[in-house]
Amino acid sequence: MKNSLIGLMRQTSLVMKGTALITVVSFAMLVTSPAAMALRTATDNHHAKSGDSNPEARLSALLEQITYKFDALEAAHAAGQDTDAIVSELDQLQDQMIALDNDVMANFEATEQKLKDKNLPETILKRHQDMVTHYQAHRARIIEQFEYKDMSHWRWLLRHWWDRLLAWLGVEIGEIVDSPIRNVNPRQFKRSHQAFDPNNLPNKSMRPDKDNKPKQSLQDYHQAKLFNTPANQVAELGDFMYDALAGASDPAYLTETDEVILTQRIKDQAQALSYDPVRIYHWVRNNVEWQPSWGAVQDAELTLDARRGNAMDIASLTIALLRASQIPARYVHGTIEVPEAMFRNWAGGFASIDAAVDFAASGGIPTAASIAGGKIAHVQLEHVWVEAAIDYFPSRGASNHDADAWVQMDPSYKRYQYLQGLDAVAISGIDTNQLATDFLASGTIKETEGWIQGFDFTILENALSEVQTALENYITTSMTDPTVGDVIGGRKTIVQEYPALPSSLPNRILVEGTRYDKLPLQLQQRITYSIGRDDLGLPINPTTFAYATLNNEKVTLSFRPATPDDEVALLALLPEGEVTDISQLPQRIPSYLVNVIPEFKVNGELKISGQPVALGQELVFNTTIYFTGRNEYENYDYNVVAGSYLSVNVVSGNVSARKVTNIQTRLIITRNILLNGDETQKSQISKEELLGDILYLGSLSYYSEMESLSRVAMVDNRSDFYLAAGYGVFSYEAGVNYIFGLPISIQPGLIVLDMPINIITASRVGDSLSNKRNAIVQVGLISSLLEHLVPERMFSSNLEKVDFISTMKALRKAADDGKRIFRINNENLYEVVSLRTISPSVMREIESSVNSGLEVITHEGVVTVPGYKGSGYVVIDPITGNGAYRISGGNNGGTGRYAQGLR
């Protein structure tokens, strides 16, 4: 589009009334339903004033400084050092605190008066009084500290240890007697740093389980609690006759399951194939690529859209098309044996059978090698294929009237032709050695100190532009109707078309294990969510889904007012009458007055409802992914601010381009309603239809581009790639002001991308550790670049560019600003620490990572984009290439100002 969708939507300025509004632009959409909001916001100056004029935000920052100064004073006293300088600084901070305290108390008084004027419920007024009591009690403690900051060393120590003794005896100084607000950390002054474990890096490649061997007998399947389903029962199933075939009349073989949903897309495709089992089998075989992984992750429609999937995904698509054609069909789970050369071709065009087996095993497939003459002759693996009730004799399915046989078919197995693609460097004539020499000569390298500085990246950019131009000219002048595979390489199926079904499976069956009408839990990849933790730290109400039911779907976490009293309180905090411009909305909202309930939805349908929390409060949103075949879990905690809106990423295997197109179309319809619709139409636009679709589109676009660009990178690296799981969030998150450990108010926030990924990589040219490491690093770099590129494209127009930050963008901005770029390891860690140009929270994470044997790439100082000021840093395992692409604040991703993009 000539303008971005957001750019077009911002033309409207009409703001409709909703049932409840929380705060500026986003909160009106986040918490209300329905609530159609204008997408025109104030200028950047408005936002700057908003932060500067908020005394709570400034007091919170000041209290953080005061706390750390008192820590420094305590350390100086304990060490017997001079404290005059620290005391002098505390004197200045005390004067500032008194001035800001007056402003905060004035806000409290104004809020209380408004609550009384509006005659709000007693529960709301009580919350306000509790917060004031909490604030005053902790303020008294700070004042008490100021009173003895000037004490001599010995008097200070005596007072300090006296306080310690009283605390040990259970007598707390300045205890909050009248306030029910307890169990808070008064030293929390900002949102918590997202957790990071250097021993479990979020961007990583899965590893094979060498003990995960294929089952060798039917007894092995039964010991694994895998049995035939369902129990046979008789039913009438239409004109097609099943009486002569045992079990074929069971209605379970025609019904829907988690993976087999008979959508209109599936029905249309079955109709296009004339409901013919022969055509269905050959179409799936010839058009859907096999991906060597284990565990159902895609439903039939996603597999149809992507034209790729693993054995279970492809079986689900085939069964769906057969069932949509009223042909009973079921899964068969067994163990097969594939010749070594055929397996290398099938798994990805590997030169090394060891690498091919490793790739499949990393995907969780139970595999084993069959040795003959001292080398691998065959590969044994568990596999899933299809059986259908077919009129097989004598036409082998060509004439399908009266089912007489359960016919086995394996559309996932096929042979491929591998395309090399063009050698872009050779076509361009670029001298890569000279290019490297010129680039290295443009900057400074200090290997002994672990930093570089001043490189001219335009040298590389100009070379890339030259290569691209040469490649385009070559394609135009020297190639006729080139395919994508001809240009970048890849693979295509060697097509087979026969008038009948095959007489047997293409590979030797070692064990016909079990048959299922629907896939059992043991063969489903699963994902569990919980919102919040109980007093013991355990997840509250964890809810598990089959991964295929959420993959590529619109999954959201949002918040609504907990009670009618909370909704009334929200309305009372907003101006009366119709709001027509964002400048009419308050710059801050007292968050402690309003309780909200988290709601986890799938395609707008409520699945999990959480417990009430105060607006602005943090709660842990947990994601746990169970990878079938590896018996591994990926456990991921994300601290969510209540009142935010999250598009929850659930992507594995592939992204549906059709879904992306459908969301774009839906958003254009929404935009047109905002521009041209009547009042009724506008008032019916909900947060799910506007902000939800915007973030959902961003999530799928991100993973679609990451997957396609990574595939291109893998061709050049002679490696293969599979997305095992993309999770995390693409969200709008409120700005929160904390005072003495409690969120006191919220204000406009940021768009946040937190995009950890699990991938599977392998080198096609052998078990090359360096190739696999480079492949993982390449995918990581691509994922980081997209964390600013995708939202920038979404929220920018041809008239206005919006800046977002990511790890890679932060490093590039720092380099362009002449800052040093450090590669930190055990050899130079303490030299870098001594520079004190990196924030304390980031430095702590760097130290933890280096001490765990990892390396860190970061820059000195800070970089800025509107709404963000901080650092970008890469934590990487130098052996495996696994990594974390972080920005200060603890996100695995990027961030940027939402309101700027919607202006």
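Computed from a prediction, not measured in an experiment: that's the story for all the values here.

What counts and how
In every chain, residue numbers begin from 1 and rise along the written sequence. Where local features are concerned, this predicted model is filtered to residues with pLDDT of at least 70; where side-chain atom pairs are given and counted, the filter is 80 or more; whole-chain, interface and lining totals use all residues. For the side-chain quantities, the full set of heavy atoms in the structure was used; hydrogens and water were omitted. For helices the rule is a DSSP run of H or I covering at least 4 residues; for strands it is a run of E covering at least 2, with both sets numbered from the N terminus onward. Here the expected length of a helix is defined as 1.5 Å per residue gap, with one fewer gap than residues. Bend angle per residue: angle between axes fitted to the 7 residues ending at that residue and the 7 residues starting there. Paired strands, in this sense, are two strands between which DSSP finds at least two bridges. Orientation is described by axes fitted as lines to C-alpha atoms, over the contacting stretch for helices, and by angles from 0 to 180 degrees between their N-to-C directions. Oblique is the label for every angle not falling under 35 degrees (roughly parallel), over 145 degrees (roughly antiparallel), or within 65 to 115 degrees (roughly perpendicular). Contacts are assigned to residue pairs with any non-hydrogen atoms lying within 4.5 Å of each other. Residue classes follow a fixed rule: Ala, Val, Leu, Ile, Met, Phe, Trp, Tyr, Cys and Pro count as nonpolar, while Asp, Glu, Lys and Arg count as charged, and any other residue, Gly among them, counts as polar. Any two of the Phe, Tyr and Trp rings considered here, Trp counted by its six-membered ring, make a pair once their centres fall within 6.5 Å; the pair's planes then place it as stacked at under 30 degrees, edge-to-face at over 60, or tilted in between. By definition, being over a ring means that NZ of Lys or CZ of Arg is both within 6 Å of the ring centre and within 35 degrees of the ring normal. Whenever Lys or Arg places a side-chain nitrogen within 4 Å of a carboxyl oxygen from Asp or Glu, that contact is recorded as a salt bridge. Categorising residues by exposure relies on relative accessible area from a 1.4 Å probe, with only protein chains included: less than 20% of the type maximum marks a residue as buried, more than 50% marks it as exposed, and the intermediate range marks it as partly exposed. What makes a nonpolar core is a set of buried Ala, Val, Leu, Ile, Met, Phe, Trp, Tyr and Cys residues whose side-chain atoms join them at distances within 4.5 Å. Patches in this entry comprise residues that are over 30% relatively accessible and not in a salt bridge; like charges within 9 Å are linked, as are nonpolar side chains (Val, Leu, Ile, Met, Phe, Trp, Tyr) within 5 Å. Exposure was quantified through the Shrake-Rupley algorithm and a 1.4 Å probe, taking into account, for residues, occlusion by the shown protein chains and nothing else. The pLDDT score gives, residue by residue, the confidence of the prediction method on a 0 to 100 scale. Within 3.5 Å is the distance limit for a polar contact, defined as a pair of N or O atoms, with the added protein rule that one can donate a hydrogen and the other accept it, and that residues adjacent in sequence qualify only through two side-chain atoms. What makes a crossing left-handed is the near helix being turned counterclockwise from the far one by less than a right angle; a clockwise turn instead makes it right-handed.

A few words on helix H24 (residues 769-795). Over its 27 residues, H24 extends 40 Å from the first C-alpha to the last, a length consistent with the 39 Å expected when each residue adds 1.5 Å. At Leu786, H24 shows its maximal bend, which comes to roughly 35°.

Before going further, it helps to examine the sheet that holds strand E14 (residues 543-546). Backbone-to-backbone hydrogen bonds join strands into a sheet, with any given pair of strands oriented parallel or antiparallel. Reading across the sheet, the four strands line up as E14-E13-E20-E21 and stay open at both edges, with antiparallel pairing between neighbours. Whereas interior strands pair on both sides, the edge strands pair on one side only; in this sheet they are E14 and strand E21 (632-641). On average, each strand axis in the sheet is tilted by 20° relative to the strand beside it, whichever way the strands run.

Looking now at the packing of H24 against helix H25 (residues 807-816). The interhelical angle for the contact between H24 and H25, taken along N-to-C directions, is 90°, at an axis separation of 7 Å. Between H24 and H25, the crossing angle belongs to the class labelled roughly perpendicular. Here Leu781, Ser784, Leu785, His788 and Glu792 of H24 lie close against H25, whose contacting residues are Thr807, Met808 and Lys809. Each residue belonging to the contact of H24 with H25 can be placed in one class, and the counts come to three nonpolar, three polar and two charged.

So, about the packing of aromatic side chains. Applying the stated criterion across every chain yields a total of 22 aromatic pairs. With centroids separated by 5.3 Å and ring planes inclined at 65°, the aromatic side chains of Phe70 and Phe146 adopt a geometry described as edge-to-face. Of this pair, Phe70 sits in helix H4 (residues 55-78) while Phe146 sits in helix H6 (residues 122-147), and the two are 76 residues apart along the sequence. Members of the aromatic cluster, joined through ring pairs, are Phe108, Tyr135, Tyr592 and Phe740. Over the aromatic face of Trp406 sits the side chain of Arg330, whose NZ or CZ is 3.7 Å from the ring centroid. Taking the ring centre of Tyr416 as reference, the NZ or CZ of Arg491 above it sits at 3.8 Å.

Under the defined criterion, the tally for this structure stands at 39 salt bridges. Salt-bridge contacts for Glu599 lead to Lys601; the nearest nitrogen and oxygen are separated by 3.7 Å. The salt bridge partner of Glu707 is Arg711, with a shortest N-O separation of 2.3 Å. Of the two residues, Glu707 and Arg711 both sit in helix H23 (residues 688-717), four residues apart, roughly one turn of that helix. Under the relative-accessibility criterion, Arg711 is labelled partly exposed at 24%. The structure contains a network of salt bridges with shared partners spanning Arg265, Glu301, Asp305 and Arg658.

Within the largest apolar cluster, 144 residues are counted, with the highest numbers of intra-cluster contacts made by Ile66, Phe343, Tyr529 and Phe600. With 39 residues, the next largest nonpolar core counts Val660, Tyr696, Leu697 and Leu753 among its residues.

The subject of this paragraph is a nonpolar patch on the surface. A surface patch of nonpolar side chains, amounting to about 230 Å² of accessible area, comprises Leu440, Ile445 and Ile452. Note that Ile445 resides in strand E9 (residues 444-446). Residue classification places Ile445 among the partly exposed positions, given a relative accessible area of 40%.

In terms of burial, strand E20 (residues 618-627) is a largely internal element, ten of the ten residues being buried. With burial as the criterion, each face of E20 is covered, one bearing Glu618, Val620, Asn622, Thr624 and Tyr626 and the other bearing Leu619, Phe621, Thr623, Ile625 and Phe627. Summarising the sheet, strand E13 (residues 526-531) and E20 pair through six bridges and their orientation is antiparallel. Within the sheet, the bridge partner assigned to Tyr529 lies in E20 and is Thr623. Relative to E21, E20 runs antiparallel, the two being bridged by ten bridges.

A few words now on the confidence of the model for the protein. Residues with a pLDDT of 70 or more make up 85% of the protein, whose mean pLDDT is 83. Segment residues 898-903: pLDDT under 50, and 34 contacts once partners within four positions in sequence are set aside and those in other chains are kept.

Attention shifts here to the sheet that holds strand E1 (residues 204-205). In space, the four strands of this open sheet follow the order E1-E27-E24-E23, with mixed pairing throughout. Pairing within the sheet leaves two strands with one partner each, and these edge strands are E1 and strand E23 (651-653). Here seven bridges tie strand E24 (residues 719-726) to strand E27 (residues 757-763), and the two strands are oriented antiparallel to one another. Note on E27: the bridge partner recorded for Gly726 is Ile757. Sheet strands in contact with H24 are E1, E24 and E27, and its direction is about 145° off that of E27.

Moving on, we get to the environment of Asp803. By the secondary structure assignment, Asp803 is in the loop between H24 and strand E28 (804-805). Sequence-wise, Asp803 and Arg793 are ten residues apart; in three dimensions their C-alpha atoms are separated by 9.5 Å. Separated by 3.0 Å, the side chains of Asp803 and Lys801 make a polar contact. Here Lys809 takes part through its side chain, which lies 2.9 Å from a polar atom of the side chain of Asp803.

Turning our eyes to something else, we now look at unusual backbone geometry. With omega at -5°, the peptide bond leading from Thr229 into Pro230 counts as cis. With respect to the helices and strands, Pro230 occurs in the loop between helix H8 (218-223) and helix H9 (264-272). Positioned with a positive phi, Asn552 is a non-glycine residue whose angle comes to about 75°. Topologically, Asn552 is positioned in the loop between helix H19 (547-550) and strand E15 (555-561).

So, on to the side chain of Thr514. Following the sequence through the fold, Thr514 ends up in strand E12 (residues 508-516). Relative accessible area serves as the criterion here: at 0%, Thr514 is assigned to the buried category. Polar side-chain contacts of Thr514 include one of 2.5 Å to the side chain of Tyr516. Ignoring any residue separated from it by four or fewer positions in sequence, one finds Thr514 in contact with Tyr221, His222, Leu226, Phe227, Asn228, Tyr331, Val332 and His333.

On to the packing of helix H5 (residues 84-117) against H6. Orientation of H5 relative to H6, taken along the N-to-C sense of each, is 165°, at an axis distance of 11 Å. Classified by the angle between their axes, H5 and H6 sit roughly antiparallel to one another. Once H5 is placed against H6, the crossing between them reads as left-handed. Contacts between H5 and H6 pair Leu90, Gln94, Met97, Asp101, Val104, Met105, Phe108, Thr111, Glu112 and Leu115 from the former with Ile124, Leu125, His128, Met131, Val132, Tyr135, Gln136, Arg139, Ile142, Ile143 and Phe146 from the latter. Split by residue class, the contact of H5 with H6 holds 14 nonpolar, four polar and three charged.

So, about the side chain of Ser656. Considering the arrangement of structural elements, one finds Ser656 in the loop between E23 and helix H21 (657-676). Given the relative accessible area of 0%, Ser656 is considered buried. A polar contact is formed between the side chain of Ser656 and the side chain of Asp305, at a distance of 2.9 Å.

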